[in-house]
Amino acid sequence: MDRIRSHRRVKIDESQVSEAPKYDVVEEGGEDNGMRLRASDINVTENQEPFMGVKVRRKASLHRDYKGDYIDVASHPYLIKLLQKQGDKQVLFADKVLKFTGSGKMKRRILLITDFALYILDPETDALKRRISLAAVEKMCLSELSDNFFAIIIPTEYDLLMASTRKTEIVTVLAEATKSASGELEVVFSNSFEYQATAELVKEVQFEEVEGGVKTRILRK
């Protein structure tokens with residue numbers, strides 16, 4: 001069964017798509033050390049990604065070489081200690097992202113994807129904010145436009161809404177990583193989707209293509 005769904009197919013002349021689109025966010029309603037780092041010579045082409053030609057893609061994201069580790073995990077002893085304690089053996093992705101809090105604030109965080117889990121850490125305090133087992137991830141939600149937003153849906157907890165210029169790589173890595181943990185990852189494309197911002201708060205993210213980029217609204221339900 002095909003788990004990749006789209007509410008509608010968007011076709012835009014690639015020459016008209018900005019390489020660095022601008023968007024507004026409107027909140028309404030309120031050493032080795034036993035670790036293996038993913039090789040940096042992986043070249044994932046368009047047809048290998050879990051997008052199936054549905055999303056509008058920026059030129060900069062087409063046929064991009066994926067590095068995986070953008071923060072040099074091996075140079076951060078606290079990260080190595082944390083991952084060794086948890087039993088993780090392989091870092092698949094590591095980079096700084098923007099995470100949206102339940103109140104709508106944007107916080108810079110480190111996103112780590114390993115062979116077992118997702119980690120959210122504070123880059124300023126080195127504090128672990130959250131660890132999520134890959135088996136707990138049910139799906140990812142993205143718009144059909146050229147924005148940087150994505151939501152990771154975790155039914156047993158609350159969800160994650162984040163933004164990253166490396167969104168395509170994150171989706172690709174997570175889809176591959178979850179295969180052995182929980183089966184095929186469902187990736188849903190829609191210009192409007194809901195996510196559980198906190199245990200008791202549901203929000204809706206709406207995307208609209210406007211002149212010069214994509215406008216994003218986050219609404220309380």
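Whatever comes next refers back to the structure up there.
These figures come from a predicted structure and were not determined experimentally. (Residues numbered from 1 in each chain as written. Predicted model: local features only at pLDDT ≥ 70, side-chain atom pairs only at ≥ 80, totals over all residues. Heavy atoms only, no water.)

Turning our eyes to something else, we now look at the pattern of salt bridges. As enumerated under the stated definition, the model contains nine salt bridges in all. The partner of Asp 95 in a salt bridge is Arg 166, with the nearest N and O atoms 2.7 Å apart. Taken together, the residues Asp 95 in strand β6 (residues 90–100) and Arg 166 in the loop between β12 (160–163) and α2 (167–182) connect sequence positions 71 residues apart. (Salt bridge = Lys/Arg side-chain N within 4 Å of Asp/Glu carboxyl O. Helix = DSSP H or I, 4+ residues; strand = E, 2+ residues; numbered from the N terminus.)

Before going further, it helps to examine α2. At 3.6 residues per turn, the α-helix brings residues three or four places apart onto the same side. Between the first and last C-alpha of α2 there are 21 Å, a value that for 16 residues agrees with the 22 Å anticipated at 1.5 Å per step. Among the residues of α2, Lys 167, Thr 168, Glu 169, Ile 170, Val 171, Thr 172, Val 173, Leu 174, Ala 175, Ala 177 and Thr 178 are the ones counted as buried. (Expected span 1.5 Å × (residues − 1). Buried < 20%, exposed > 50% of the residue type's maximum accessible area, 1.4 Å probe, protein only.)

What follows covers the packing of aromatic side chains. For any pair of aromatic rings, the description consists of the separation of the ring centres together with the inter-plane angle of the planes. With the rule as written, the count across this model stands at four aromatic pairs. On the basis of an interplanar angle of 40° and a centroid distance of 5.7 Å, the ring pair of Phe 193 and Phe 207 is categorised as tilted. Taken together, the residues Phe 193 in strand β14 (residues 192–198) and Phe 207 in strand β15 (residues 201–210) connect sequence positions 14 residues apart. Phe 207 sits in the buried class, given a relative accessible area of 7%. Taken together, Phe 100, Phe 149, Phe 193 and Phe 207 form an aromatic cluster joined through their ring pairs. Of note, Arg 130 hangs over the ring of Tyr 158, and the distance from its end group to the ring centre comes to 3.8 Å. Residue placement shows Arg 166 over the ring face of Tyr 70; its charged tip is 3.6 Å from the ring centre. (Phe/Tyr/Trp six-rings, centres within 6.5 Å; stacked < 30°, edge-to-face > 60°. Lys NZ or Arg CZ within 6 Å of the ring centre and 35° of its normal.)

Attention shifts here to the nonpolar core. Counting residues in hydrophobic clusters, the biggest one holds 27 residues, and the most contacted among them are Leu 111, Ile 113, Leu 118, Met 140, Ile 152, Met 162 and Leu 174. Only β6, β7 (106–114), β8 (117–121), β10 (139–142), β11 (149–153), β12, α2 and β13 (186–189) provide two or more residues apiece to this core. Top element by residues in this core is α2. It accounts for six residues. Those residues within four positions of Ile 152 in sequence are excluded, and the remaining contacts are Leu 118, Val 137, Lys 139, Met 140, Asp 159, Leu 160, Met 162 and Leu 174. Ala 151, Ala 163, Leu 201 and Phe 207 belong to the second largest nonpolar core, which has 17 residues in total. (Core = buried A, V, L, I, M, F, W, Y, C linked by side-chain atoms within 4.5 Å. Contact = heavy atoms within 4.5 Å.)

Moving on, we come to the environment of Gln 86. Its place among the elements puts Gln 86 in helix α1 (residues 77–86). When the C-alpha positions of Gln 86 and Arg 131 are compared, they lie 9.8 Å apart, and in sequence the two are 45 residues distant. When residues no more than four places from it in sequence are discounted, the contact partners of Gln 86 are Tyr 119 and Arg 131.

Of all the positions in α1, only Leu 79, Ile 80, Leu 82 and Leu 83 are classed as buried. Along the axis of α1, the buried positions cluster into a sector of 165°, meaning they face one direction only. The exposed residues of α1 that point more than 90 degrees off its buried face are Pro 77, Lys 81 and Lys 85. Summarising the contacts, the buried residues of α1 are in contact with β6, β7, β8 and β9 (128–133). Count one or two residues on from α1 and you reach Gly 87, which has phi positive near 90°. (Arc of directions from axis to C-beta.)

When you line up the elements, Thr 114 lands in strand β7. Engagement of the side chain of Thr 114 in a polar contact is seen with the backbone nitrogen of Phe 116, the distance being 3.1 Å. The residues contacting Thr 114, other than those within four sequence positions of it, are Leu 83, Asp 88, Gln 90, Val 91, Leu 92, Tyr 119, Leu 134 and Ala 177. (Polar contact = N/O pair within 3.5 Å; in protein donor to acceptor, adjacent residues only side chain to side chain.)

On to the side chain of Asp 69. Here Asp 69 shows up in the loop between β5 (65–66) and α1. The side chain of Asp 69 is buried and forms no salt bridge, while Lys 67, the nearest opposite charge, is found at 7.0 Å. A distance of 3.2 Å separates a polar atom in the side chain of Asp 69 from the backbone nitrogen of Ile 71. A polar side-chain atom of Asp 69 sits 2.9 Å from the main-chain amide nitrogen of Val 73. (Lys, Arg positive; Asp, Glu negative; His and termini not counted.)

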